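Residues per chain are reported as follows:
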Amino acid sequence: MKLIIAIVQDEDASKLLSVLMQQGFGVTKLATTGGFLKAGNTTLLLGVDDNRIDEAVNIVESVCKSRKQISTVSPSVSGGISQNEYSSYPIEVTVGGATMFVLTVDQFLKV
Ligand code: 2BA
């Protein structure tokens, strides 16, 4: 078994949850915040049998769209050097479709 941690945009979360549940995947939804944009996103935890990993990844890929966002970011956060730490400037970032981690599960217990 594997644990898929999928970080998705809030706009895609509810459709993704429905499709995964319809297809018989077990899912836990967490409300999370991205470190860079400091905006809300959604993290899904999926415990998936090894033979269904590709199916789960394909569903996430098909539902989650990439979107452009304009964000105001401080130069120190984006790695630049600034004389004034309080200055900021707008940048365009492309967020998503989804960021996924696939971890091996040692044990899956329901007690
Ligand atoms: P955020 O950290 O809020 O990042 C949102 C988007 O901002 C990222 O989209 C990326 O396009 C951009 N971005 C992030 N860090 C940047 C930087 N230092 N300079 C310029 N642009 C930057 P995604 O890559 O699609 O990531 C979406 C969300 O997935 C992230 O939200 C974060 O919550 C999560 N994530 C992405 N990579 C991760 C990682 N290696 N570990 C843990 N979480 C990650």
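The written sequence of each chain sets the order in which its residues are numbered from 1. The model is predicted, so local features are restricted to residues of pLDDT at least 70 and side-chain atom pairs to those at 80 or more, both for listing and for counting; the totals for chains, interfaces and linings are taken over all residues. Calculated side-chain values reflect all of the structure's heavy atoms, with hydrogen atoms and water omitted.

In the annotation of an unreviewed UniProt entry, the chain is listed under the name Cyclic-di-AMP receptor and assigned to Aristaeella hokkaidonensis.

Whenever Lys or Arg places a side-chain nitrogen within 4 Å of a carboxyl oxygen from Asp or Glu, that contact is recorded as a salt bridge. Tallied over the entire structure, the rule returns 3 salt bridges. Arg-52 is the partner of Glu-55 in a salt bridge, and the nearest nitrogen-oxygen pair spans 2.8 Å.

Bringing the packing of aromatic side chains into the picture now. Pairing of aromatic rings covers Phe, Tyr and the six-membered ring of Trp, with a centre-to-centre limit of 6.5 Å; geometry is then stacked below 30 degrees between planes, edge-to-face above 60, and tilted otherwise. Going through the model one piece at a time under the given rule, you end up with 0 aromatic pairs. Consider the ring centre and the ring normal. A charge sits over the ring if Lys NZ or Arg CZ is within 6 Å of that centre and within 35 degrees of that normal. Just above the ring of Phe-25 sits the side chain of Arg-52; from NZ or CZ to the centre is 4.0 Å.

Nearness here has a simple test: a residue counts as near a molecule or strand if at least one of its heavy atoms is within 4 Å of that partner. Every residue close to the ligand is listed here: Ile-7, Gly-34, Gly-35, Phe-36, Leu-37, Asn-41, Val-93, Thr-94, Val-95, Gly-96, Thr-99 and Phe-101. Here a polar contact means two N or O atoms within 3.5 Å. Within protein one must be a hydrogen donor candidate and the other an acceptor candidate, and residues neighboring in sequence count only if both atoms are side-chain atoms. Within the contact set of the ligand, an oxygen atom lies 2.8 Å away from a backbone nitrogen or oxygen of Phe-36. Between an oxygen atom of the ligand and a side-chain N or O atom of Thr-99, the distance comes to 3.4 Å. All accessible areas in this document rest on Shrake-Rupley with a 1.4 Å probe, and a residue is counted as covered only by the protein chains that are shown. Here the ligand has 750 Å² of accessible area as a free molecule, and 54% of this is covered by the chains.

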